[in-house]
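Listed here are the chains, written in short residue letters.
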Amino acid sequence: MHLPVFLDDQRRLRRLLSSCSATRTLARLHALLIVSSSASHQLLSSLAAAYARAGDLAAAESTLTATAAATATATTTTSSSSSSSIAAWNAIIAAHSRRGSPAAALRVFRALPPAARPDSTTFTIALSACARLGDLRGGESIKDRAYEAGYKDDIFVCSSLLHLYAKWGAMGDAVKVFDRMPRRDRVTWSTMVAGFVSAGDPLEAIEMYRRMRVDGVQGDEVVMVGVIQACAAIRDARMGASVHGHLLRHEMRMDVVTATSLVDMYAKNGLLDVARCVFGLMMHRNAVSWSVLISGFAQNGQLDEALHLCRKMQASGLQADSGALVSALLACSDIGFLKLGRSIHGFILRRFEFNCILGTATIDMYSKCGSLASAQMLFNLIGSRDLILWNAMIACCGAHGQGQDALTLFQEMNKTGTRPDHATFASLLSALSHSGLVEEGKLWFDRMVNDFKITPAEKHYVCLVDLLARSGLVEEANDLLTSMKAEPTIAIWVALLSGCLNNKKLELGESIADNILELQPDDVGVLALVSNLYAAAKKWDRVREVRKLMKDNGSKKVPGCSSIEIHGTRHMFVMEDQSHPQRREIIKKLAKLDLEMRKMGYVPRTEFVYHDLEKEVKEQQLSYHSERLAIAFGLLNTSPGTRLVIIKNLRVCGDCHDAIKYISKITDRGIVVRDAKRFHHFKDGVCSCRDYW
DNA sequence: CTAGGGTTAG
């Protein structure tokens, strides 16, 4: 057999192998080596490494396994031959990990033949595979092996160990390792910075950065991304901007990730113009960059702009990814834009698998746009449900007044083995409260504390106090407050106070109102409630006092504003707006309804009109509240039986609450009103959320 | 052949 001359030249051959990236060529060389019996251990290892680089991991592995078997039978094993084979194994393990299958990487690692002694690289890759998988226990045993093998001070091994701990919430362990490291480079420091950020401790992250500088280590853009995130988290735009300046002065790489984190930081601080500007200067943008900007606008209430950016993102040729879609859905839910939300749902169905995040966002959108049925349908279609998805669906039932359904869901969830958390109970208790299921509410509050060992937080107390106070058990609610370990907060007092107002317990109410004022609330809604209670108790001087507070607080009066979506278009109604084209018809419709309502026993609750006016004028003012205009408009422009969904910027006043119940009964329509704080669902004259203010 | 970085859901 005629063989190429170079088969004898080991050095040339190895160079050839390392430059070859085509699997077919490698296979030919492999065959030649075997046929010519010139396959040395070293050559086969280089060949395996070349297979791994070329992406044929199976070939790489079988080559090495065969080599290892041959070595085991050989009489002599030199240390140099095993060290060259570990390099090939490392190439295989690293390729698995890079390729996105860390589990396969670990499988190969665990099955390493005894002749291949893992080195620093092997342990480093294996630990980072554990970090990807979240396998803390596996990482622990790899760490032990690495330490035994003498890599206790190896900066690569320690950094990947730090990352494993930091990523999975074991910051305590990370700090321990970090403290005893003899040498730390910027990767080590950046791991700690990022770790504290994701552990929700941005101040400690910034402190780490400071210590790094004191240590004389120069940061790079990766470290700075962590610091920028920390600035975003503590809402410190000034510090964020100075980091931005630092990046520019030191000519650090402004890559997509760095720029995106800056956009996010500015957006989270409400500096949307700056965010948009940084975004505009980016050389490359990807789906995440767009998502960050979009959700920035959405979260700052600039919903139209958020939706506009979604369209621009599409137009720029970028596939909207799940992050962008979540932001868009969020914008839809905030303004109750059901039609657009539905079309995004359709888009997801065509292009995506429903994962938990998308599913939760879509369900939440349907919930906030008033479509319980769509939310339920989608929920039933999603196979794998995580905690947050369950929580969203339970909250959705509660918001729509289906307390019993929420409870059923909760029990179903328990059967699947998903453990409820504090948010689950908050949703459940609020659902029970809004449906007036008092006994169940008390029962599950107890079980939360005793069986599930969840320490009740403020929101849980708010729900329970709300539940009791709504159903007239104001004294029992009051007793609950005295049994609390911590001092009741404003929110808790408010729940109790609104119960007092509804149940005409004015004496207790007055003392609670006094308590609230001592805590110096600056929320207009809270002050309005306090003032309403004083008004009900006819304490006019205190009413004036609170009104003055409201003015002094700079809480300028925002006009009430409601919107309703009809045939896919949103229509806005402002209280004092005279310009609507159908204004006359709307007023006529309201007058007609008013007559019928009064026949059924409706009495205008003029105590909700702030100004000192004649009774008739007050009554008229009430009937011009924006939500009523929107409802009348909806009645005029939809066919009988269609549900009306109204979104309002402020709270629905108690009088409108009453009125809507009657209107729902008279017209036999389901009416959903969502205001700044909560959801009200009216059907058959029953309202799921009986707040009277 | 090796370690660190961005968003989004209740």
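In this text, all values refer to a predicted model and were calculated from it rather than measured experimentally.

Draft legend 1. Layout of the overall build of chain A. Of the regular secondary structure elements, chain A holds 36 helices and six strands. Taking the principal axes of its C-alpha atoms as reference, chain A extends roughly 110 × 55 × 50 Å. Looking at chain A as a whole, 50% of its 693 residues are labelled buried. Sequence separation of 24 or more characterises 63% of the internal contacts of chain A that already satisfy a separation of 6 or more. Of the accessible surface of chain A, which amounts to about 33,200 Å², a share of 54% is contributed by carbon and sulfur atoms.

Draft legend 2. Looking closely at the nonpolar core. Of all hydrophobic cores here, the largest spans 178 residues; its most connected members are Met393 and Leu496. Two domains each put at least three residues into this core: domain 1 (385-455) and domain 2 (465-553). If sequence neighbours within four positions are ignored, Leu496 has contacts with Val465, Ala469, Val474, Ala477, Asn478, Leu481 and Ile512.

Draft legend 3. Focus on the environment of Cys310. One can find Cys310 in helix α18 (residues 303-315). For Cys310 and Trp89, which are 221 residues apart along the polypeptide, the C-alpha to C-alpha distance reads 46 Å. Setting aside residues up to four positions removed in sequence, Cys310 forms contacts with Ile294 and Ala328.

Draft legend 4. How the structure looks around the UniProt feature "repeat: PPR" (unreviewed entry) in chain A. With numbering matched to this structure, UniProt assigns "repeat: PPR" (unreviewed entry) to residues 154-184, 185-219, 286-320 and 386-420. When the span residues 185-219 is considered, its composition is 74% helix and 0% strand, and the gap between its end C-alpha atoms is 9 Å. In residues 386-420, helix accounts for 74% and strand for 0%; the two terminal C-alpha atoms are 10 Å from one another.

Draft legend 5. Structural context of unusual backbone geometry. Even without glycine at this site, Glu251 takes up a positive phi of about 50 degrees. Residues other than glycine seldom take positive phi values, yet Lys538 does so here, at roughly 60 degrees. Secondary-structure assignment places Lys538 in the loop between α31 (524-536) and α32 (540-552).

Draft legend 6. Spatial organisation of the protein's contact with DNA strand B. Among the 51 residues in the neighbourhood of DNA strand B, the closest are listed as Asp185, Ser190, Thr258, Asn391 and Asp421. At the protein interface, 46% of the atoms of DNA strand B within 4 Å belong to sugar or phosphate. Residue Asn90 places a side-chain N or O atom 2.7 Å away from a base oxygen belonging to DNA strand B. Taking Ser190, its side chain carries an N or O atom lying 2.5 Å from a base nitrogen of DNA strand B. Examining the composition of the surface near DNA strand B, we find that six residues originate from one element, helix α15 (residues 256-268), more than from any other. Of the residues contributing to the surface near DNA strand B, the split by class is 19 nonpolar, 19 polar and 13 charged.

Draft legend 7. Looking closely at the packing of helix α14 (residues 237-249) against α15. Running from N to C, α14 and α15 point in directions that differ by 155 degrees, and their axes come no closer than 10 Å. As far as their axial angle goes, α15 and α14 are roughly antiparallel. In terms of crossing hand, the pair formed by α14 and α15 is left-handed. Between α14 and α15, the contacting residues are Ala237, Gly240, Ala241, His244 and Leu247 on the first element and Thr258, Leu262, Met265 and Tyr266 on the second.

Draft legend 8. Spotlight on the pairing of strand β4 (residues 671-674). Neither face of β4 is open: one carries Ile671 and Val673, the other Val672 and Arg674, and all of them are buried. Two strands pair when backbone bridges link them, and strand β3 (residues 644-648) and β4 are joined in this way by four bridges, in the parallel orientation. Each bridged residue has a counterpart across the sheet, and for Val645 the counterpart in β4 is Val672. With respect to chirality, the unit in which β3 leads through helix α36 (residues 654-667) into the neighbouring parallel β4 is right-handed.

Draft legend 9. Representation of the packing of aromatic side chains in the model. Inspection of the entire model under this criterion finds eleven aromatic pairs. With a centroid separation of 5.8 Å and an interplanar angle of 55 degrees, the aromatic rings of Phe445 and Tyr461 are classed as tilted. Taken together, the positions of Phe445 in helix α26 (residues 438-450) and Tyr461 in helix α27 (residues 458-470) put the pair 16 residues apart, joining distant regions of the chain. This pair shows no difference in class: Phe445 is buried, exactly as Tyr461 is. Plain terms: the ring middles of Tyr602 and Tyr662 are 5.9 Å apart, the flat faces sit at 70 degrees to each other, and that makes the pair edge-to-face. Placement of Tyr602 in the loop between α33 (583-599) and α34 (615-623) and of Tyr662 in helix α36 is noted, with a sequence separation of 60 residues between them. An aromatic cluster is built from Phe410, Phe425, Trp444 and Phe452, whose rings are joined through pairwise contacts. Geometry around Phe178 places Arg184 over its ring, the cationic atom sitting 4.3 Å from the centre.

Draft legend 10. Geometry of the environment of Pro488. Looking at where Pro488 falls in the secondary structure, it is placed in the loop between α28 (474-483) and α29 (490-502). Owing to a relative accessible area of 11%, Pro488 belongs among the buried residues under this scheme. Residues Pro488 and Glu458, 30 residues apart in the sequence, show an inter-C-alpha distance of 8.2 Å. Those residues within four positions of Pro488 in sequence are excluded, and the remaining contacts are Leu481, Trp493 and Leu519.

Draft legend 11. The arrangement of the pattern of salt bridges in detail. One pass over the full model with this rule turns up 20 salt bridges. With a closest N to O distance of 4.0 Å, Arg385 and Glu412 form a salt bridge. Of this pair, Arg385 sits in the loop between α22 (372-381) and α23 (387-399) while Glu412 sits in helix α24 (residues 403-415), and the two are 27 residues apart along the sequence. Given the relative accessible area of 36%, Glu412 is considered partly exposed. Its salt-bridge partner being Glu510, residue Lys539 comes within 3.2 Å of it at the nearest N-O pair. With Lys539 in the loop between α31 and α32 and Glu510 in helix α30 (residues 506-518), this residue pair connects regions lying 29 residues apart in the sequence. Each of Glu140, Lys143 and Asp144 takes part in a single network of salt bridges with overlapping partners.

Draft legend 12. Summary view of a positive patch on the surface. Judged by side-chain charge, Arg11, Arg12, Arg14 and Arg15 come together as a positively charged surface patch. On the basis of relative accessible area, Arg14 is assigned to the partly exposed category, the value being 35%.

Draft legend 13. Highlighting the pairing of strand β2 (residues 569-574). Bridging between strand β1 (residues 561-566) and β2 involves six bridges; their strand directions are antiparallel. Bridge pairing in β2 links Ser562 to Phe573.

Draft legend 14. Region of the structure containing α22. Burial in α22 covers these residues: Leu372, Ser374, Ala375, Leu378 and Phe379. The buried residues of α22 all sit within an arc of 165 degrees when viewed along its axis, so they share a single face. Set apart from the buried face of α22 by more than 90 degrees, the exposed residues are Met377, Asn380 and Leu381. Of the surrounding elements, those touching the buried residues of α22 are α20 (338-351), α21 (356-368), α23 and α24.

Draft legend 15. Here's a closer look at the domain arrangement of chain A. Along its sequence, chain A is carved into domain 1 (385-455), domain 2 (465-553) and domain 3 (561-687). Between domain 1 and domain 2, the C-alpha centre-to-centre distance is 27 Å. In this complex, domain 1 contributes seven residues to the contact, which on the side of domain 2 involves seven residues. For the pair domain 1 and domain 2, the summed buried area comes to about 530 Å², and 68% of that belongs to carbon and sulfur atoms. It is Ser433, Val438 and Lys442 in domain 1 that bury the most area against domain 2; as a group they hold 73% of the surface buried on that side. Applying the counting rule to domain 1 against domain 2 returns one salt bridge. On the surface where domain 1 and domain 2 come into contact, there are three residue pairs in polar contact (both at pLDDT 80 or more). Among the residues forming the side of domain 1 that touches domain 2, the class breakdown is three nonpolar, three polar and one charged.

Conventions adopted
Residues numbered from 1 in each chain as written. Chains lettered and ligands numbered in written order. Predicted model: local features only at pLDDT ≥ 70, side-chain atom pairs only at ≥ 80, totals over all residues. Heavy atoms only, no water. Helix = DSSP H or I, 4+ residues; strand = E, 2+ residues; numbered from the N terminus. Buried < 20%, exposed > 50% of the residue type's maximum accessible area, 1.4 Å probe, protein only. Contact = heavy atoms within 4.5 Å. Areas by Shrake-Rupley, 256 points an atom, 1.4 Å probe, with all protein chains shown as cover. Core = buried A, V, L, I, M, F, W, Y, C linked by side-chain atoms within 4.5 Å. Domains from an automatic or database assignment. UniProt positions renumbered as here; feature names shortened; annotations may be inferred. Near = heavy atom within 4 Å. Polar contact = N/O pair within 3.5 Å; in protein donor to acceptor, adjacent residues only side chain to side chain. Nonpolar A, V, L, I, M, F, W, Y, C, P; charged D, E, K, R; others polar. Axes fitted to C-alpha atoms, helices over the stretch in contact; angles between N-to-C directions. Parallel < 35°, antiparallel > 145°, perpendicular 65-115°, else oblique. Left-handed = near helix turned anticlockwise from the far one by under 90°. Pairing = 2+ DSSP bridges. Right-handed = clockwise from strand over helix to strand, strands pointing away. Phe/Tyr/Trp six-rings, centres within 6.5 Å; stacked < 30°, edge-to-face > 60°. Lys NZ or Arg CZ within 6 Å of the ring centre and 35° of its normal. Salt bridge = Lys/Arg side-chain N within 4 Å of Asp/Glu carboxyl O. Patch = residues over 30% accessible without salt bridge, like charges linked within 9 Å, V, L, I, M, F, W, Y side chains within 5 Å. Lys, Arg positive; Asp, Glu negative; His and termini not counted. Charge placed at Lys NZ, Arg CZ, Asp CG, Glu CD. Arc of directions from axis to C-beta. Buried area = accessible area lost by both parts, 1.4 Å probe.

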